Amino acid sequence: MKACYMTDAGRVRSHNEDSVTILKNTSGEYLLIVADGMGGHRAGEVASSMVVTHFGKRFAKLSSVGSKSDAVNWLRDNIAEVNESILKYADENPNSKGLGTTAVIALLTDDYLIFANIGDSSGYVMKNGELHKVTHDHTLVNLLVQSGDITEEEAKYHPKKNVLMKALGAAEKVEPDIFDVDTEVEAILLCSDGLTTMLNNEQINHVLIDNELTIEQRVSKLIKKCNVRGGTDNISIAYLEMNDSDSLESGEEK
């Protein structure tokens, strides 16, 4: 395996409210997380950081997540716990009104690959050199597309395209989407919408399949491309590539 994660504030936002990580436990299981925070007084970065920190601590205590059903329960339980923590933080800190975060998580073992998603951060797999989106955005415009009220093209320019229908910290109970995915994939990509609003799937795919670049160079190139196009939002990427070697790299674009 080769893995790399990066986050960048972009060119417009004054600070970065995203959090991202890739972790590996003693059993060789991988946990990838991207969280895109929201809220005033830098509360968004608090919420997203709480997700990464919470899951990181819980994952570090496990020698193995266990069976597929164990993994699904583990994801749901920890999402519920961190949602409760975010709500408690908002209640104790009045300046953090509107505190919340998206979360997209991938859990890879020798036996299964599971995604969990809340909000509009995205999870993909690479198969046969093609990028395929696994998750579904919890946004108003996505609901309108699914109901046939607007087209996918109209959704790109809809004035309420950033309105979330689901996020951690937005309600007392939040149920993630869970996706059971075939492990026979070449790579896993998680990202915040700072990537997907600047680049389409074909453009992202074109960079990721460029084997003349290292994995870190490819992730960095995606971020640079977003910033060249305006960098209107924070950009976070977690990318894991299946191969014979084993390395984990992280970095932050400036």
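For the structure, check the block above.
Residues numbered from 1 in each chain as written. Predicted model: local features only at pLDDT ≥ 70, side-chain atom pairs only at ≥ 80, totals over all residues. Heavy atoms only, no water.

J.: I'd like a rundown of the layout of surface pockets, residues and numbers included.
T.: By rolling a water-sized probe across the atoms, one finds the places where empty space is left. Of the volumes computed, that of the second largest pocket is approximately 300 Å³. Along the wall of the second largest pocket there are 15 residues; nearest its centre are Arg 13, Asp 36, Asn 162, Asp 193 and Asp 233. In terms of residue count, strand E3 (residues 30-38) provides more of the lining of the second largest pocket than any other element does, three residues in total. (1 Å grid on protein atoms, 1.4 Å probe; cavity = no way out; pocket = protein on both sides within 12 Å on 5 of 7 lines; lining within 4 Å. Points joined across faces, edges and corners; volume = space filled by probe spheres on them. Helix = DSSP H or I, 4+ residues; strand = E, 2+ residues; numbered from the N terminus.)

J.: Quick one: what's the story with the packing of aromatic side chains, residue by residue and with numbers?
T.: In this description, a pair of aromatic rings is defined by centroid distance and the angle of the planes. Summed over the entire model, instances satisfying the criterion amount to two aromatic pairs. Arranged with centres 5.6 Å apart and planes meeting at 80 degrees, the rings of Phe 55 and Trp 74 form a pair that is edge-to-face. Residue Phe 55 is found in helix H1 (residues 43-60), and its partner Trp 74 is found in helix H2 (residues 68-92); the two are separated by 19 residues along the sequence. With relative accessibility at 1%, the residue Phe 55 sits in the buried group. Taking relative accessible area as the criterion, Trp 74 reaches 12% and is therefore assigned buried. Arranged with centres 6.1 Å apart and planes meeting at 55 degrees, the rings of Phe 59 and Trp 74 form a pair that is tilted. With Phe 59 in helix H1 and Trp 74 in helix H2, this residue pair connects regions lying 15 residues apart in the sequence. We note that Phe 59, like Trp 74, is buried. Three or more aromatic residues joined by ring pairs form one cluster here, namely Phe 55, Phe 59 and Trp 74. (Phe/Tyr/Trp six-rings, centres within 6.5 Å; stacked < 30°, edge-to-face > 60°. Buried < 20%, exposed > 50% of the residue type's maximum accessible area, 1.4 Å probe, protein only.)

J.: So what's going on with the pattern of salt bridges? Residues and values would help.
T.: Considering all chains together, one arrives at seven salt bridges under this definition. A salt bridge links Arg 58 to Glu 81; the nearest nitrogen and oxygen atoms lie 3.2 Å apart. Separated by 23 residues along the polypeptide, Arg 58 in helix H1 and Glu 81 in helix H2 bring together distant segments of the chain. In this structure Arg 58 comes out as partly exposed when scored by relative accessible area, which is 30%. Taking the shortest distance from any N to any O, the salt bridge between Arg 76 and Glu 175 comes out at 3.1 Å. With Arg 76 in helix H2 and Glu 175 in the loop between helix H4 (152-156) and strand E9 (177-181), this residue pair connects regions lying 99 residues apart in the sequence. We classify Arg 76 as partly exposed; its relative accessible area is 35%. According to the relative accessible area criterion, Glu 175 is partly exposed, its value standing at 46%. (Salt bridge = Lys/Arg side-chain N within 4 Å of Asp/Glu carboxyl O.)

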